[in-house]
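# Examining the three-dimensional arrangement
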Amino acid sequence: MTAAAEHLRNRLVNELTGHGWLADAWRPAFTAVPRHLFLPRFFRQTPDRSRYEAVDGSDPGALELVYSNSVLPTQLDGDDARWDESRHHGPIDGVPTCSSTQPALMAVMLDALDVADGHQVLEVGTGTGYNAALLAHRLGSPLITTVDIDAVLVRRVRQSLATVGYAPTVAATDGAAGYPGNAPYDRIIATCSVPRVPAVWLTQTRPGGVILTNLHREIGGGLLLRLTVDETGAASGHLLDDYGAFMPLRSCPTTRTSTLVRAASQASGDVHETHLPGPLADDGEAWTALVALLLPDVARLDIDRPDGPVQWLVHPDGSWAYHDISTHTVEQGGPRRLWTEVEDLYSRWTAHGKPTRPHIGVTITPTGQRVWLTDPKEIIG
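Residues numbered from 1 in each chain as written. Predicted model: local features only at pLDDT ≥ 70, side-chain atom pairs only at ≥ 80, totals over all residues. Heavy atoms only, no water.

The subject of this paragraph is the overall build of the protein chain. When helices and strands are counted, the protein chain shows 11 helices and 18 strands. In terms of overall size, the protein chain behaves like a compact globule, its C-alpha atoms giving a radius of gyration of 22 Å where 381 residues would be expected to give roughly 21 Å. Along the three orthogonal principal directions, the C-alpha set of the protein chain runs to about 65 × 55 × 40 Å. Put simply, the protein chain has 381 residues, and 51% of those count as buried. Taking contacts inside the protein chain between residues at least 6 apart in sequence as the whole, the part at least 24 apart equals 59%. When the accessible surface of the protein chain is split by element, carbon and sulfur atoms take 52% of a total near 16400 Å². Here the protein chain carries 31 positive and 44 negative side-chain charges, and the mean point of each set is 4 Å from the other. (Helix = DSSP H or I, 4+ residues; strand = E, 2+ residues; numbered from the N terminus. Rg over C-alpha atoms; globule rule 2.2 N^0.38 Å. Buried < 20%, exposed > 50% of the residue type's maximum accessible area, 1.4 Å probe, protein only. Contact = heavy atoms within 4.5 Å. Areas by Shrake-Rupley, 256 points an atom, 1.4 Å probe, with all protein chains shown as cover. Lys, Arg positive; Asp, Glu negative; His and termini not counted. Charge placed at Lys NZ, Arg CZ, Asp CG, Glu CD.)

Read from one edge of the open sheet, nine strands run β7-β6-β5-β8-β9-β10-β11-β17-β18, paired in mixed fashion. Pairing within the sheet leaves two strands with one partner each, and these edge strands are β7 (169-172) and β18 (368-373). Here the strands of the sheet are splayed against their neighbours by 20 degrees on average, with no regard to which way each runs. Across the sheet, helix α5 (residues 103-113) lies against β5 (121-124), β8 (185-194), β9 (205-215) and β10 (223-229), angled at about 150 degrees from β8, the strand it touches most. Packed onto the sheet, helix α7 (residues 151-163) meets β6 (144-148) and β7 and runs at close to 165 degrees relative to β7. (Pairing = 2+ DSSP bridges. Axes fitted to C-alpha atoms, helices over the stretch in contact; angles between N-to-C directions.)

Attention now moves to the pairing of strand β3 (residues 72-76). Two faces belong to every sheet, and in a regular strand the side chains alternate between them. Among the five residues in β3, five count as buried, and that is most of the element. Two strands pair when backbone bridges link them, and β3 and strand β4 (residues 96-100) are joined in this way by four bridges, in the antiparallel orientation. By the bridge assignment for β4, Gln 75 is matched with Cys 98.

With that settled, the discussion passes to the packing of helix α10 (residues 286-294) against helix α11 (residues 338-351). Closest axis-to-axis distance for the α10/α11 pair is 10 Å, and the angle between their directions is 130 degrees. Taken together, the axes of α10 and α11 lie oblique to each other. Viewed along their axes, α10 and α11 form a crossing whose handedness is right-handed. Here α10 contributes Ala 286, Trp 287, Leu 290, Val 291 and Leu 294 to the contact with α11, which in turn contributes Val 342, Leu 345, Tyr 346 and Trp 349. Split by residue class, the contact of α10 with α11 holds nine nonpolar, no polar and no charged. (Parallel < 35°, antiparallel > 145°, perpendicular 65-115°, else oblique. Left-handed = near helix turned anticlockwise from the far one by under 90°. Nonpolar A, V, L, I, M, F, W, Y, C, P; charged D, E, K, R; others polar.)

This part takes up the side chain of Thr 126. Mapped onto the secondary structure, Thr 126 falls in the loop between β5 and α6 (130-139). Accessibility expressed as a relative area gives 3% for Thr 126, which makes it buried. Engagement of the side chain of Thr 126 in a polar contact is seen with the side chain of Thr 146, the distance being 2.8 Å. There is a polar contact of 3.1 Å between the side chain of Thr 126 and the backbone oxygen of Val 147. Setting aside residues no more than four positions away along its own chain, Thr 126 makes contact with Thr 146, Val 147, Asp 148, Leu 153 and Val 157. (Polar contact = N/O pair within 3.5 Å; in protein donor to acceptor, adjacent residues only side chain to side chain.)

Strand order in the open sheet formed by five strands is β12-β16-β15-β14-β13, with antiparallel pairing between adjacent strands. The two strands at the open ends of the sheet, each matched to only one other strand, are β12 (270-273) and β13 (299-303). On average, each strand axis in the sheet is inclined to that of its neighbour by 15 degrees, with strand direction left out of account. As paired elements, strand β15 (residues 320-324) and strand β16 (residues 329-333) share five bridges and run antiparallel to each other. What sits directly across from Asp 324, in β16, is Thr 329.

The N-to-C vectors of α5 and α6 enclose an angle of 40 degrees; their axes lie 12 Å apart at closest approach. Looking at the two axes, α5 sits oblique to α6. In this structure, α5 meets α6 at a crossing whose hand is right-handed. Each of Met 106, Leu 110 and Leu 113 in α5 lies in contact with α6, whose residues at this interface are Tyr 130, Asn 131, Leu 134 and Leu 135. Class assignment of the residues belonging to the contact of α5 with α6 gives a composition of six nonpolar, one polar and no charged.

It is worth spelling out the packing of aromatic side chains at this point. Overall, the coordinates contain seven aromatic pairs when judged by the stated rule. Taking 6.4 Å as the distance between ring centres and 85 degrees as the angle between the ring planes, the aromatic pair formed by Phe 30 and Tyr 130 counts as edge-to-face. One end of the pair, Phe 30, is in helix α2 (residues 27-32); the other, Tyr 130, is in helix α6, with 100 residues separating them in the sequence. On the basis of relative accessibility, which here comes to 1%, the residue Phe 30 falls in the buried class. Residue class for Tyr 130 comes out buried when judged on its relative accessible area of 2%. Consider the rings of Trp 287 and Tyr 346, whose centres lie 4.9 Å apart with planes at 75 degrees: the pair is edge-to-face. A residue pair is termed long-range when its members are at least 10 positions apart, and Trp 287 in helix α10 and Tyr 346 in helix α11 qualify at 59 residues. The exposure class assigned to Trp 287 is buried, which follows from its relative accessible area of 3%. Judged by its relative accessible area of 13%, Tyr 346 is buried. A network of ring pairs unites the aromatic residues Phe 30, Phe 38 and Tyr 130 as a single cluster. (Phe/Tyr/Trp six-rings, centres within 6.5 Å; stacked < 30°, edge-to-face > 60°.)

Laid out in structure tokens, this is it:
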């Protein structure tokens, strides 16, 4: 298997390099670290993408999957026993709670992290340990700390890392609290998503240090945010152009979209024709990302119907909007007018020349957040 794994690993490295995802500085790490040793078992989706089936690392074709540019879930519903259930009874339903990130996204984020020799790095969201191994190869184990709330997972990762010769600090703790024991850090990278950047991440980062994270937004957007911490303890930065959709930090609450939509469907509100060109459906668009930044607690539900698609926006305070895409009409109600807020934001984004994701800026302080376009003086929220 070693020769086959090395061949497939080199093929993946060449693919990542050829597409411009893998920078030269990270190529040695991706070439050296064996991803398959961090994925002795995992799940793959059924062909119709509705369920998950268990895969053992020794199964035919498993090694090819491991060294493909794919996300590979390793746990469902926070329960390791679900893999055994699928192995014995076939494909199962479930929500992934741990996975090995798509290698291309890992490479892009590690390059954006802009590490240098001697940098102390905290990784929030250990996962399989593969990313921690890449960091340890690049910087050395003593400089790497990785944390995860799942103690069983952490014990397994320690063993996997030791097998390949790495010994970073691996701790079972809530990543929202960072890891004060090895602070301050030059870099913090989150391989999970958070609704807001925790204030302790700012205090645990040296002035001039970088925080790279994925903001979890129920409405969508796939927001990868790179921040630089200043001497005052605030942090400013921009969205990355790349899309990221990591699992939420387990300690973070999520919106119960279906419950909110059921309640809203029994209500009535104001109706008007919308001037937006279409639905909030393309998460790659900069303006959709802007909506996600400025409406952080709003959730979205897209529904295909025989007579045309519709879209719901809902908020925990009872505000809602129902967008009939085929007729370009919107009905909305509750304390806020969510679709009107979206329309206003679209007008402001257009007035600024429709800046792309890297020109959408965010400043975070211990007391709040500011969003700006192109120039920090052009604050829009």
